[in-house]
Structures are given as structure tokens and as C-alpha cells.
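The chain contents come next:
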Amino acid sequence: PLWQQVIDWLREKHDIHISIRPYNNVAFGIRIGYGTSTLINGGYKTYREARKAAILKAIKICKENLLHTK
């Protein structure tokens, strides 16, 4: 799937919301909202690097949530 399709799937199926924003005018930051928690991380050199990191962190959150529900 395309990156945006993965982001959409995470939002629709797992209620995990990803946003990527400029961070300190020299880098990009990510924000991942899930349940009542939010993860904020910054300092990625490119938008693509931030997007990839956000998706990988969101997948890790999904896996952790699945382990806690079993």
C-alpha cells in the first residue's frame, strides 16, 4: 500500500491519528494520537523520514495494544 493508505488505515481501523509538522523551522516533528494518549517527537531531517518513523511507531502501538487485549 501507499504511505497515505497506511496512515488512513491506522486512523480508520485503530483510531490512531498521525500528523507531521514543521519543527523548529529546520526539521519535522510527528504527533501520534491514540486513545487518550499522544506521542510527540521531533527532529527528523525530512518529511519522508518523519512519516516513516510515525508509521513505524504507530504499528508498534497497534502491536502493544493487541498484546494487552489478549
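These notes cover the structure that comes with them. (Residues numbered from 1 in each chain as written. Predicted model: local features only at pLDDT ≥ 70, side-chain atom pairs only at ≥ 80, totals over all residues. Heavy atoms only, no water.)

Re the overall build of the chain
Then, number 1: Helix and strand content of the chain: two helices and three strands.
Then, number 2: When the helices and strands of the chain are placed in sequence order, the string is α-β-β-β-α.
Then, number 3: Compactness check: the chain gives a C-alpha radius of gyration of 12 Å against a globular reference of 11 Å for 70 residues, within 12% of the reference.
Then, number 4: For the chain, the spread of C-alpha atoms along the principal axes amounts to about 40 × 25 × 15 Å.
Then, number 5: If you take every contact in the chain between residues at least 6 apart in sequence, the share linking residues at least 24 apart comes to 30%.
Then, number 6: Total accessible area on the chain stands at roughly 5300 Å², and carbon and sulfur atoms take up 53% of it. (Helix = DSSP H or I, 4+ residues; strand = E, 2+ residues; numbered from the N terminus. Rg over C-alpha atoms; globule rule 2.2 N^0.38 Å. Contact = heavy atoms within 4.5 Å. Areas by Shrake-Rupley, 256 points an atom, 1.4 Å probe, with all protein chains shown as cover.)

As for the sheet that holds strand E3 (residues 37-44)
Then, number 1: Spatial strand order, E1-E2-E3: three strands in an open sheet with antiparallel pairing. Both edges of this open sheet fall to strand E1 (16-23) and E3, since each of them pairs with a single strand only. Recorded for the sheet is a direction-independent mean angle of 15° between the axes of neighbouring strands.
Then, number 2: For strand E2 (residues 27-34) and E3, the ladder comprises seven bridges, and the chain directions are antiparallel. Of the residues in E3, the one forming a bridge with phenylalanine 28 is tyrosine 44. (Pairing = 2+ DSSP bridges. Axes fitted to C-alpha atoms, helices over the stretch in contact; angles between N-to-C directions.)

Observations regarding the nonpolar core
Then, number 1: In this structure, Leu10, Ile16, Ile18, Ile30 and Ile32 are the most contacted members of the largest nonpolar core, which totals 16 residues.
Then, number 2: Mapped by element, the contributors of at least two residues to this core are helix H1 (3-14), E1, E2 and helix H2 (47-69).
Then, number 3: The element best represented in this core is H2, accounting for seven residues.
Then, number 4: Once residues lying within four places of it in the same chain are set aside, the contact partners of isoleucine 16 are Leu10, Arg11, Ile32, Gly33, Tyr34, Ala58, Ile61 and Cys62. (Core = buried A, V, L, I, M, F, W, Y, C linked by side-chain atoms within 4.5 Å. Buried < 20%, exposed > 50% of the residue type's maximum accessible area, 1.4 Å probe, protein only.)

Side note on the pattern of salt bridges
Then, number 1: Per the stated rule, a full pass over the model turns up two salt bridges.
Then, number 2: With its nearest N and O atoms 3.1 Å apart, the salt bridge here joins arginine 11 to aspartate 8. Here the residue arginine 11 and the residue aspartate 8 both occupy positions in helix H1, the gap between them amounting to three residues, near one helical turn.
Then, number 3: Given the relative accessible area of 34%, arginine 11 is considered partly exposed. (Salt bridge = Lys/Arg side-chain N within 4 Å of Asp/Glu carboxyl O.)

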